[in-house]
Every structure is written in C-alpha cells, then in structure tokens.
Amino acid sequence: MNGQGARDVLPDPKRLRNAFGTFATGVTVVTVGGARPRGMTANSFTAVSLDPPLVLVCVGREAVMNGLLERAETFGISVLSAEQEEVARHFANPSRPDGADQFEPVAWTAGTAADAPLLDGAVAHFECERWREYDGGDHAIHIGRVLGMAVAPERDGLVFHRGRFATLAAAPRGVPA
C-alpha cells in the first residue's frame, strides 16, 4: 500500500469492519408497510441505475427486515437529515417495539406510491417496488425500482463514518459538485 498502511491478506472481521467504516455513508431508514409496519436503519444504500431508476439496500440475512423485504411488494427509504441522529438510533435499537408502535416516537407520512411509512424531516424519500434480490454473503442485496421520490435540498444529510454519526453540509447552490 505504498507505505500508507498495513495490508491484511485475510483480515479478521473486526479489522474488516473498521476498514469498511473508513468509507463515509449516508444514513437511511428502510420501511415496509402493511398490517405490521417496520423500519430499520441502514447505511448500505446506493443508487444503481437511472434507466430504469433503481436503488439498492443491503440487509443482514438474520434481520427481521430481510424476511419482510423478501415478501413485500413495495418498500420505502428515508434518507436521514443531520437532525435525525436519534431517529437513526431508534430504528437501529433491537429492543424497539414491534409493528406500528415503533413509529410512535417519530413523525411520518404514509407513502403514496408504496405502502410504507416515510419519515418526516428526511433529506429524501424513495418509494420502491421490489425488483431483484441477490446473495451478498451474510447480507441480502435488495434492489428496488423507484416509483416515486421527494427531495428537500435545503436539508443537510446525516452520515456514518468510523463508527460515529456526523453531518454533511450540502455544497452552496450554483457550485458544481
């Protein structure tokens, strides 16, 4: 690595997680609706394609959300704003209530294109229909086709880097990214 760091051929899981954590990611909450709606904090989210419009989210194979996404026809993704760290922590807490009760402490709006709650105050919302699922080792890669979206460009995003939450200020308007 040109003297910039130690190289592990087969890193142990803790060191690998720490190395992955050097890549800052946005923070989202993935939601499904229905009789027992559920939300889950996820930072493994990215755009895949503009045509067709596709996004992906990776979910641990053992997570309740994985089974729900396998069966759901639609799902929602709320990209959290800098002010929503507590929301991220809430939906990452395994002891939160189940079903609709877990949405009690947060403001949300019912999606119009997908039957999933969308969290108020988010930077963006994506309403998706299930498109494909792929094996991702100990995670499943869920790809959704975007049915609808909303963006609040005045809000700054919440990011996760090196195991901590941080904020990302948007570039001033008129300045190329």
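Refer to the structure printed above.
Criteria and thresholds
Residues numbered from 1 in each chain as written. Predicted model: local features only at pLDDT ≥ 70, side-chain atom pairs only at ≥ 80, totals over all residues. Heavy atoms only, no water. Helix = DSSP H or I, 4+ residues; strand = E, 2+ residues; numbered from the N terminus. Buried < 20%, exposed > 50% of the residue type's maximum accessible area, 1.4 Å probe, protein only. Contact = heavy atoms within 4.5 Å. Areas by Shrake-Rupley, 256 points an atom, 1.4 Å probe, with all protein chains shown as cover. Polar contact = N/O pair within 3.5 Å; in protein donor to acceptor, adjacent residues only side chain to side chain. Salt bridge = Lys/Arg side-chain N within 4 Å of Asp/Glu carboxyl O. Pairing = 2+ DSSP bridges. Axes fitted to C-alpha atoms, helices over the stretch in contact; angles between N-to-C directions. Phe/Tyr/Trp six-rings, centres within 6.5 Å; stacked < 30°, edge-to-face > 60°. Core = buried A, V, L, I, M, F, W, Y, C linked by side-chain atoms within 4.5 Å.

Caption draft 1: The overall build of the protein chain, seen in detail. Along the backbone of the protein chain there are 3 helices and 12 strands. Per-residue burial for the protein chain yields a buried fraction of 37% across its 177 residues. A separation threshold of at least 6 residues defines the contact pool for the protein chain, and within that pool the share at least 24 residues apart is 63%. When the accessible area of the protein chain is evaluated, it comes to approximately 10700 Å², of which 54% is carbon and sulfur surface.

Caption draft 2: Up close: the side chain of Arg-38. Structurally, Arg-38 is set in strand 3 (residues 38-42). For Arg-38, a relative accessible area of 13% corresponds to the buried category. Looking at Arg-38, its side chain comes within polar contact range of the side chain of Asp-98, at 3.1 Å. Those residues in contact with Arg-38 that lie beyond four places of it in its chain are Val-30, Thr-31, Val-32, Val-64, Met-65, Leu-68, Arg-96, Asp-98, Gln-102 and Phe-103.

Caption draft 3: A look at the pattern of salt bridges. Scanning the entire structure with this criterion turns up 6 salt bridges. Taking the shortest distance from any N to any O, the salt bridge between Arg-89 and Glu-85 comes out at 2.8 Å. One end of the pair, Arg-89, and the other, Glu-85, are both in helix 3 (residues 85-92), 4 residues apart, so they sit about a helical turn from each other. Because the salt bridges share partners, they merge into one network encompassing Arg-36, Arg-38 and Asp-98.

Caption draft 4: Up close: the environment of Thr-167. Among the secondary structure elements, Thr-167 is positioned in strand 12 (residues 164-168). Its relative accessible area of 54% is what places Thr-167 among the exposed residues. Along the backbone, Thr-167 and Glu-85 are 82 residues apart, and their C-alpha atoms lie at a distance of 9.4 Å.

Caption draft 5: Region of interest: helix 1 (residues 13-20). For helix 1, the tally of buried residues reaches only 0 of 8 residues, placing the bulk of the element at the surface. Sitting at the amino-terminal end of helix 1 is Asp-12, which places a side-chain oxygen 3.0 Å from the backbone nitrogen of Lys-14.

Caption draft 6: Looking closely at the pairing of strand 5 (residues 53-60). Most of strand 5 is tucked away: 6 of the 8 residues are buried. Pairing of strand 4 (residues 45-50) with strand 5 involves 5 bridges; the strand directions are antiparallel. Within the sheet, the bridge partner assigned to Ala-47 lies in strand 5 and is Val-55. As consecutive antiparallel partners, strand 4 and strand 5 are separated by 2 residues.

Caption draft 7: The arrangement of the sheet that holds strand 3 in detail. Taken together, 7 strands build an open sheet; the order of strands is 3-2-6-9-10-5-4 and the sheet is antiparallel. Strands at the two margins of the open sheet, each flanked by one partner only, are strand 3 and strand 4. Sheet twist, expressed as the average angle between the axes of neighbouring strands with direction ignored, equals 35°. Relative to the sheet, helix 2 (residues 64-71) contacts strand 2 (28-32), strand 3, strand 5, strand 6 (74-79), strand 9 (124-136) and strand 10 (139-151), its axis offset from that of strand 2 by approximately 55°. Along the sheet, helix 3 makes contact with strand 2 and strand 3, crossing strand 3 at roughly 115°.

Caption draft 8: Geometry of the packing of aromatic side chains. Going through the model one piece at a time under the given rule, you end up with 4 aromatic pairs. Ring centres of Phe-160 and Phe-165 lie 5.1 Å apart, and the angle between their planes is 65°; this geometry places the pair in the edge-to-face category.

Caption draft 9: Examining the nonpolar core more closely. Counting 18 residues, the largest nonpolar core has Val-30, Leu-69, Phe-75 and Phe-126 as its most contacted members. Setting aside its immediate chain neighbours within four residues, Phe-75 contacts Val-30, Thr-31, Val-32, Leu-69, Ala-114, Ala-116, Phe-126, Glu-127, Cys-128, Glu-129, Arg-130 and Gly-144.

Caption draft 10: Structural context of helix 2. Residues of helix 2 that are buried: Met-65, Asn-66, Gly-67 and Leu-69. On its buried face, helix 2 is in contact with strand 2, strand 3, strand 5, strand 6, strand 9 and strand 10.

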